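# Structure assessment
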Amino acid sequence: MRWNDDQQALHDAITELGDLLSENRAERDAAAVFPRANWDRVRATGLLGLPFPDRWGGLDQDLLTTMYVLEGLGHSCRDSGLSFSVSTHMVSVGVPLLRFGSAALKERYLPKVCDGSAIGAHAITEPDNGSDIMGMRTTAVRDGDEYVLTGGKTFVSNAPVADLFVVYARTGKAGSPNAITAFLVERDTPGLSVGTPIGKMGLRTSPFSEVSLDGCRVPATNRIGGEGAGFLVLDHVMKWEILCSFIINVGEMQHRLERCVEYATTREQFGQPIGSYQSVSNRIVDMKIAVETSRKWLYDTADKLQRGENVTTDIAIAKLTASEGNVSSALAAVQIFGGYGYTTEYGIEQGLRDAVGGTIYSGTSDVQRQRIARMLGI
Amino acid sequence: MSTEVEIKSFIVRNFAPDVPPDQLEPDLNLLDSGVVDSLGLLRLIAWVGERFDIAVEEADISPDNFRSVDAIAAFVADARRNSEVAR
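Residues numbered from 1 in each chain as written. Chains lettered and ligands numbered in written order. Predicted model: local features only at pLDDT ≥ 70, side-chain atom pairs only at ≥ 80, totals over all residues. Heavy atoms only, no water.

## With respect to the domain arrangement of chain A
Residues and elements named next belong to chain A. By the assigned domains, chain A splits into domain 1 (5-119), domain 2 (121-226) and domain 3 (231-375). The C-alpha-based centres of domain 1 and domain 3 are spaced at 21 Å. Facing the 23 residues of domain 1 at the interface are 32 residues of domain 3. In terms of residue count, helix α6 (residues 80-100) provides more of the side of domain 1 that touches domain 3 than any other element does, nine residues in total. Across the side of domain 1 that touches domain 3, the residue classes break down as twelve nonpolar, five polar and six charged. (Domains from an automatic or database assignment. Contact = heavy atoms within 4.5 Å. Helix = DSSP H or I, 4+ residues; strand = E, 2+ residues; numbered from the N terminus. Nonpolar A, V, L, I, M, F, W, Y, C, P; charged D, E, K, R; others polar.)

Okay, structure coming up:
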């Protein structure tokens, strides 16, 4: 990809913040604390409004430019949890609102999404239904000018700090693809309660928790898209989520690769730099292939999406390639750094813990393979 | 081959191989009846977009457009009409 001066300037504005956003990374990771001060620093750059029109305070950039800036965030920021929360915020509320929301919803909420004054989250997964979205049990029943939402969600990223939730609930026959509807719900809506943060393996500064809906009344005007359109709203959001969150991973993989090259050329064992041993250099070559392949798939898919082409298969391949490439790259880095890679001080082990989640959220690797098989007619 | 027949043929071939095309009711709700599931819907949308040259922006806006053979045929006709007007 070739980027013009304006795109480069946006990219540089966030990468210059990288060192500041990375300070005390290990301590925050250990404590699993959301970095509110750094969130405010990201807000000040305007990054959160990147893909949204300027009439709502956004920067009016296209998907590819948004991804380029996010790749810069991934490359410069060692707090992957913060980067993940940024991506989740952008895509969970803003993206469905922009595409499917009413004019009134856009006017009311997009400015808060763009400036980050209201943090966004989407509530999709349920305790008994992870990948099986169509099996969701949370219901939304129309009652006059409102819908009554009842049920429970789990693993809701950003929930403990979120102000706005896009909740997906069943409004039709279980299992039918037109049985799901999306709603925008404010945190202080009676009947919505947020659980305590759930401990997790990686991305620990991006908190997630359960969200309960107990007779939660939501104005019908807060419906995003038509009744029953939720599955396609979600499909659209997932495309953006995969492209935005995994391009951040590409930035992280690139940074990890550079560290490994530097280490392999300076660290000596048995009188030689360890990079002179093929067992090490081959690992680094595989890391290079993983990052380049992931980058190509993600940008090519985004380019096709922007041109209005169907990317159902491409998005699944891109997600698989990037998420599994990130795990293998992170594991290789631990091996290359040896004992140091195993310590928390170097941050290499954190990269591995953070990477594993990518093979699970936004549709597991197994589900992505199932999608590709179905698109092949298998 | 008419649009309806072509749509029926695709659905039978891919989602209901045991049903003769002429026995697939044009107003059968494909989504609620379980003939087309969520991944099937994505495949159907991809096929309609490609076969009838309809941009995804239009095609993925509502599953209602894909609930039956009749609905898909009407959606295709509308999209073609809109495309003519745009020219």
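## Details of the confidence of the model for chain B
In low-pLDDT segments, the atomic positions of the prediction should not be examined closely. Taken over all residues, the pLDDT of chain B has a mean of 86, while the share at 70 or more is 92%. No element of chain B has a lower mean pLDDT than helix α3 (residues 56-59) of chain B, which averages 60, and none a higher one than helix α1 (residues 3-15) of chain B, which averages 92. (pLDDT = per-residue confidence, 0-100.)

## Describing the interface of chain A and chain B
Residue-level contacts link 23 residues of chain A with 21 residues of chain B. Summed over both partners, the interface of chain A with chain B buries about 2000 Å², with 61% contributed by carbon and sulfur atoms. Three residues stand out in chain A for area buried against chain B, namely A:Arg99, A:Leu232 and A:Arg374, and they jointly supply 30% of the buried area on that side. Between A:Arg374 and B:Asp37 there is a salt bridge; the shortest N-O distance is 3.1 Å. Remark: the boundary between chain A and chain B carries five residue pairs in polar contact (both at pLDDT 80 or more). When contributions to the side of chain A that touches chain B are tallied by element, the ones reaching two or more residues are α6, α8 (230-266) and α12 (365-375) of chain A. Tallied by class, the residues present in the side of chain A that touches chain B amount to eight nonpolar, eight polar and seven charged. (Buried area = accessible area lost by both parts, 1.4 Å probe. Salt bridge = Lys/Arg side-chain N within 4 Å of Asp/Glu carboxyl O. Polar contact = N/O pair within 3.5 Å; in protein donor to acceptor, adjacent residues only side chain to side chain.)

## What about a negative patch on the surface?
A cluster of acidic side chains, namely B:Glu4, B:Glu25, B:Asp27 and B:Asp70, defines a negative patch on the protein surface. Mapping B:Asp27 onto the fold places it in the loop between α1 and α2 (38-51). (Patch = residues over 30% accessible without salt bridge, like charges linked within 9 Å, V, L, I, M, F, W, Y side chains within 5 Å. Areas by Shrake-Rupley, 256 points an atom, 1.4 Å probe, with all protein chains shown as cover. Lys, Arg positive; Asp, Glu negative; His and termini not counted. Charge placed at Lys NZ, Arg CZ, Asp CG, Glu CD.)

## As for the pattern of salt bridges
Residues and elements named next belong to chain A. Scanning all chains against the criterion turns up 22 salt bridges over all chains. Between Arg108 and Glu186 there is a salt bridge, and its shortest N-O distance comes to 3.2 Å. Here Glu186 lies in strand β5 (residues 180-186) and Arg108 lies in helix α7 (residues 103-115), a separation of 78 residues in the sequence. Assessed through its relative accessible area of 49%, Arg108 is described here as partly exposed. According to the relative accessible area criterion, Glu186 is partly exposed, its value standing at 22%. In this structure, the salt-bridge partner of Arg307 is Asp303, at a minimum N-O distance of 3.2 Å. Three or more residues joined by partner-sharing salt bridges are found here, namely Glu71, Lys288, Glu292 and Arg295. (Buried < 20%, exposed > 50% of the residue type's maximum accessible area, 1.4 Å probe, protein only.)

## A few points about the layout of surface pockets
Its boundaries defined by the atoms lining it, the largest pocket holds a volume of some 1200 Å³. Around the largest pocket sit 46 residues that line it, and A:Thr125, A:Ile360, A:Tyr361, A:Ser362 and A:Gly363 are the ones nearest its centre. Of all the elements in the fold, those that place two or more residues in the lining of the largest pocket are α6, β3 (146-157), α8, α11 (348-356) and α12 of chain A together with α2 of chain B. Counting residues per element, the lining of the largest pocket draws most heavily on α8(A), at seven residues. In terms of residue class, the lining of the largest pocket is built from 20 nonpolar, 15 polar and eleven charged. (1 Å grid on protein atoms, 1.4 Å probe; cavity = no way out; pocket = protein on both sides within 12 Å on 5 of 7 lines; lining within 4 Å. Points joined across faces, edges and corners; volume = space filled by probe spheres on them.)

## A short note on the nonpolar core
Ranked by size, the top nonpolar core spans 113 residues in total, and within it A:Leu47, A:Val86, A:Tyr168 and B:Val48 carry the most contacts. Among the elements that make up this core, the one with the highest residue count is α8(A) (19 residues). Apart from residues lying up to four places away in sequence, A:Val86 is in contact with A:Trp39, A:Val42, A:Leu47, A:Leu48, A:Leu70 and A:Leu73. Judged by nonpolar contacts, the second largest core, of 19 residues, contains A:Ala123, A:Phe183, A:Val185 and A:Val211. (Core = buried A, V, L, I, M, F, W, Y, C linked by side-chain atoms within 4.5 Å.)

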